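Structural overview
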2 protein chains.
Amino acid sequence: MSDPVDLDVSDLHPAVDDPALRSMNFLNEIAQHYPDAISLAAGRPCEEFFDDDAPGRWLDRFRRHLAEDLGQDATQARRTLFQYGRTKGILHELVARNLALDEQISVDPDAVVVTVGCQEAMFLVLRALRAGPRDVLLAVSPTYVGLTGAARLLDFPVRPVAGGPAGLDLADLRAQLDRARAAGERPRACYVMPDFANPSGVSLSLADRRRLLDLADAEDLLLVEDNPYGLFPADDAGRRLPTLKALDTRRRVVYLGSFAKTVLPGARVGYVLADQRVRGSDGAVGFLADELAKIKSMVTVNTSPIAQAVIGGRLLEHGCSLVGANVRERAVYAGNLRRLVAGLAARFPPPSPVGWNVPRGGFFVVVTVPFPVDDALLTRSAREFGVLWTPMAHFYDDTAAAPALRLSVSAVTPGQIDEGLDRLAALLTDELRRRAAPAA
Amino acid sequence: MSDPVDLDVSDLHPAVDDPALRSMNFLNEIAQHYPDAISLAAGRPCEEFFDDDAPGRWLDRFRRHLAEDLGQDATQARRTLFQYGRTKGILHELVARNLALDEQISVDPDAVVVTVGCQEAMFLVLRALRAGPRDVLLAVSPTYVGLTGAARLLDFPVRPVAGGPAGLDLADLRAQLDRARAAGERPRACYVMPDFANPSGVSLSLADRRRLLDLADAEDLLLVEDNPYGLFPADDAGRRLPTLKALDTRRRVVYLGSFAKTVLPGARVGYVLADQRVRGSDGAVGFLADELAKIKSMVTVNTSPIAQAVIGGRLLEHGCSLVGANVRERAVYAGNLRRLVAGLAARFPPPSPVGWNVPRGGFFVVVTVPFPVDDALLTRSAREFGVLWTPMAHFYDDTAAAPALRLSVSAVTPGQIDEGLDRLAALLTDELRRRAAPAA
């Protein structure tokens, strides 16, 4: 009996066959298939500063914190690190200090849940908010594919809100709210990445942040703010805008934090700050964080305290400032972003049918072209031109191929940027020539 | 404005207010509230062998494996440990070697997904199998509360199957299957812990294991086998029965593995072995593991490679045998179990209204009494008698208080067992006296 089959994919939850989940697989596979291609696709952090000794050093630093700051004896410290532990995690005090220092966010540590990366934070929030079949989620489009995928797993419909050049079209947000409510739906929250968004690279202006908060308050809407890239402005002075959460005086914002780009991805540690006050069925009022923790207890129990300790040690080494801890990283990313934008300008002088935006920081630039950009073009790019990037179509919740592609600068050297752009220019020139030529 | 409220718990997914999720919270809270009580409640592993140096040593051992066995240079090894990585994890080869050695299970490493503890493994399997509103899950009752909780989060109805003295009543399983199908439901799988089950302590006989596999095949049912305690027989010779997966020749069993009890809980590493063959919508056939990995990519992305390396190093130190790695631990648990059972016999000589089972291994013993055992009795036990245990009611999917309680021997010393049993005997004697006395 060759190739016997036990199940059909249609026997499984429909999410596993959804474009949002297959997308991630396709992009990983093509990268594995063309390992020698230059990748302007990967949004991974740079590896230049990875240090073999760091995890051990950070673990030791965190142990010292347990002893000196928290007064734990050796037995207690071993229990903290090795045993089952607090569902909400053991970094809450350090996260609160970090947010106060770097973001001017004042937070009760008990409103923080430490999670298995920011992805779990997102998942817990979506699970909590999808209470019934009328509930829908709004998300700025184009959207991070991890958000769409998590929503799919929870059968949580996502209604796109136009991003546009300003990062979020507030009029469209209001229109989508009206449309959803007219259809009998209950919009629970709007997902937004206000700083150097993935994939658009765009940031919301300070005025739009305030308007968005006012709108959320007027419309009784939560905002789910995802901020993995905020620490990486390309500005020489490192100037940053306040996060939505820093401006939030009415507990409208659930804030998602990641240490993947600011410390390392391999710890898989992130967090959610959810200080919304929830009345329980017994009348007692607690933080939304506590409800998220109940969910977490049934998804991953708690985040590895060993992994948390690695991150905690890194925070402690820099007095809990990640701005301080990422001086070298910020310089790399800012330099790469400037080089990429300059490189595009040099290769596509005006007038050119190729355009791009100039983000003020982060990892991503969007290049627009006068033809649809699909997976077939990416495959040709990898095979014939040796350069990888991401079709923007992957970040839209429909199957139409958008005429744009995303470039990432985080995991390449300046030399790879130059060579990668040469290859991309060759591809785009070839594609433009083909399309201009009359059909044979 | 004091105590302002932003949300009502009824605005959130109903699972957060479900007894299955509140149960865990209550049990944690009472333990925190009475820190000086002797806990015969906690199912945590013993802390006696926790070693400050172990994580660093195991991490180094795993690095040596990356270099010597996998040929990774320093840059590649740093990428493996610190960067985003393979969704299915980096321990698959070692898990396969462990299963071959300790369980005589022969497995393709690609059918393994390394997860954030066994809880995530369970969650992924349930998410995959709950494909639509007709799907239901069967679970041997009493059931591990983490299974019930995960099912609640996914709106996956759980139909109890009588456990009974043999661990699983096969006639009732057949009856429940018939009943579910008659009601238009589609039973997807039956969850079972064949070895030293939590909470019952009971193990399935070899004959019942074979009958269960035959029934699963005849009924086209998957079995989800959870095996956190199998390595801890109380038998002096360490004799164990083959797992369902070891007996499974027809890919009926999805096997859940945990390193929480055999290495340490703080790494939060477990796995699922899912070698069922699934035909995709494109006609290609792959492992169920690959479908679970797609789900995982949207829940936690991947399991921390640093945490995986800690577990991997421990496996490598013992040639991938966890039987070999747990000689001391097995002696502790077996000794504690025998002491507890002997202690019960000494304190409740026949004829006694108090009974208990005598498990052949694991962490748990069930004590039966002639009155309902509820949270109020537990609270009185903690406050007045200084001993904690777990009402069996928490493991049943209805609100009736079962006349039984679970004792755990894993996280106590022999002295604490003796003293804890003295206190428990005082409580039960007092409760029996109260109930025998005419109402005042």
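Since we're looking at a predicted model, the values are computed, not measured.

Okay, the overall build of chain A next. Across its full length, chain A holds 15 helices and 16 strands. Against the 2.2 N^0.38 benchmark of 22 Å for 440 residues, chain A shows a C-alpha radius of gyration of 23 Å, consistent with a compact globule. In terms of its C-alpha atoms, chain A occupies a principal-axis envelope of roughly 75 × 65 × 55 Å. Burial statistics for chain A: of 440 residues in total, 53% are counted as buried. Intrachain contacts of chain A at a sequence separation of at least 6 include 74% that bridge at least 24 residues.

All names here are of chain B. In the contact formed by helix α7 (residues 170-182) and helix α8 (residues 206-219), the axes pass within 11 Å of each other and the chain directions differ by 15 degrees. By the criterion of interaxial angle, the relationship of α7 to α8 is roughly parallel. Every pair of crossing elements has a handedness; the one defined by α7 and α8 is right-handed. Contact with α7, carried on its side by L170, L173, R174 and L177, involves D208, R211, L212, L215 and E219 of α8 and no other residues of that element.

Let us now look at the relation of the copies chain A and chain B. Once chain A has been moved 0.0 Å along the axis and rotated by 180 degrees, it coincides with chain B to within an RMSD of 0.0 Å. One copy is carried onto the other by what is essentially a two-fold rotation axis. When the interface residues of chain A are mapped onto chain B, 100% of them again fall at the interface, so both copies present the same face.

Residue and element names in this part refer to chain A. Read from one edge of the open sheet, 4 strands run β12-β13-β16-β15, paired in antiparallel fashion. With partners counted over all chains shown, the strands left at the sheet margins are β12 (355-356) and β15 (390-391), one partner each. The pairing of β15 with strand β16 (residues 404-408) spans 2 bridges and is classified as antiparallel. Note that in β16 the partner of T390 across the bridge is R406.

It is worth spelling out helix α6 (residues 145-153) of chain B at this point. Residue and element names in this part refer to chain B. With respect to burial, α6 is a largely interior element, 9 of its 9 residues being buried. Listed in full, the buried residues belonging to α6 are V145, G146, L147, T148, G149, A150, A151, R152 and L153. With its phi angle positive at about 50 degrees, D155 sits one or two positions after the end of α6.

Residue and element names in this part refer to chain B. In spatial order, the strands read β3-β9-β8-β7-β6-β4-β5; together these 7 strands make up an open sheet with mixed pairing. The open sheet has two edge strands, β3 (112-115) and β5 (158-162), and neither has a second partner. For this sheet the average axis-to-axis angle between neighbouring strands, irrespective of direction, equals 20 degrees. The pairing of strand β6 (residues 186-192) with strand β7 (residues 222-226) spans 4 bridges and is classified as parallel. Directly across from V192, in β7, lies its bridge partner E225. Sitting on the sheet, helix α4 (residues 92-103) touches β3, β8 (253-258) and β9 (270-273), and the angle it makes with β3 is about 110 degrees.

Attention now goes to the pairing of β5(B). All names here are of chain B. Direction of pairing for strand β4 (residues 135-141) relative to β5: parallel, over a ladder of 5 bridges. Each bridged residue has a counterpart across the sheet, and for L138 the counterpart in β5 is R159. Regarding the hand of the β-α-β motif, the stretch spanning β4, α6 and β5 is right-handed.

Okay, the packing of helix α13 (residues 327-347) of chain B against helix α15 (residues 414-436) of chain B next. All names here are of chain B. Across the interface, α13 lies against α15 with an axial gap of 10 Å and an inter-helix angle of 30 degrees. Relative to α15, the element α13 lies roughly parallel. Taken as a pair, α13 and α15 cross one another with a handedness that is right-handed. Seen from α13, the contacting residues are N336, R339, L340, G343, L344 and R347; seen from α15, they are P414, I417, D418, L421 and A425. Partitioning the contact of α13 with α15 into residue classes produces 6 nonpolar, 2 polar and 3 charged.

All names here are of chain B. With 7 of 7 residues buried, β4 is to be regarded as a mostly interior element. With 5 bridges connecting them, β4 and β6 associate as parallel partners. Each residue of the ladder has a partner; that of A139, found in β6, is Y191.

Another point: the interface of chain A and chain B. Taken together, the contacts link 72 residues of chain A with 72 residues of chain B. Pairing of strand β10 (residues 277-279) of chain A with strand β1 (residues 7-8) of chain B, which is carried by 2 bridges, proceeds in the parallel orientation. Pairing of V278(A) across the sheet is with L7(B), part of β1(B).

A few words on the domain arrangement of chain A. All names here are of chain A. Structurally, chain A comprises domain 1 (9-48 + 327-436) and domain 2 (55-325). The C-alpha centroid of domain 2 is placed 27 Å from the C-alpha centroid of domain 1. Contact with domain 1, which involves 31 residues of that partner, is made by 28 residues of domain 2. Looking at the side of domain 1 that touches domain 2, the elements that each hand over two or more residues are α1 (19-33), α13 (327-347) and β13 (364-368). Considering each element in turn, the side of domain 1 that touches domain 2 owes the most residues, 6 residues, to α13. Looking at side-chain class alone, the side of domain 1 that touches domain 2 contains 17 nonpolar, 7 polar and 7 charged residues.

Criteria and cut-off values
Residues numbered from 1 in each chain as written. Chains lettered and ligands numbered in written order. Predicted model: local features only at pLDDT ≥ 70, side-chain atom pairs only at ≥ 80, totals over all residues. Helix = DSSP H or I, 4+ residues; strand = E, 2+ residues; numbered from the N terminus. Rg over C-alpha atoms; globule rule 2.2 N^0.38 Å. Buried ≥ 20, exposed ≤ 12 C-beta atoms within 10 Å, placed from the backbone. Contact = placed C-beta atoms within 7 Å. Axes fitted to C-alpha atoms, helices over the stretch in contact; angles between N-to-C directions. Parallel < 35°, antiparallel > 145°, perpendicular 65-115°, else oblique. Left-handed = near helix turned anticlockwise from the far one by under 90°. Least-squares fit on C-alpha atoms with pLDDT ≥ 70 in both. Pairing = 2+ DSSP bridges. Right-handed = clockwise from strand over helix to strand, strands pointing away. Nonpolar A, V, L, I, M, F, W, Y, C, P; charged D, E, K, R; others polar. Domains from an automatic or database assignment.

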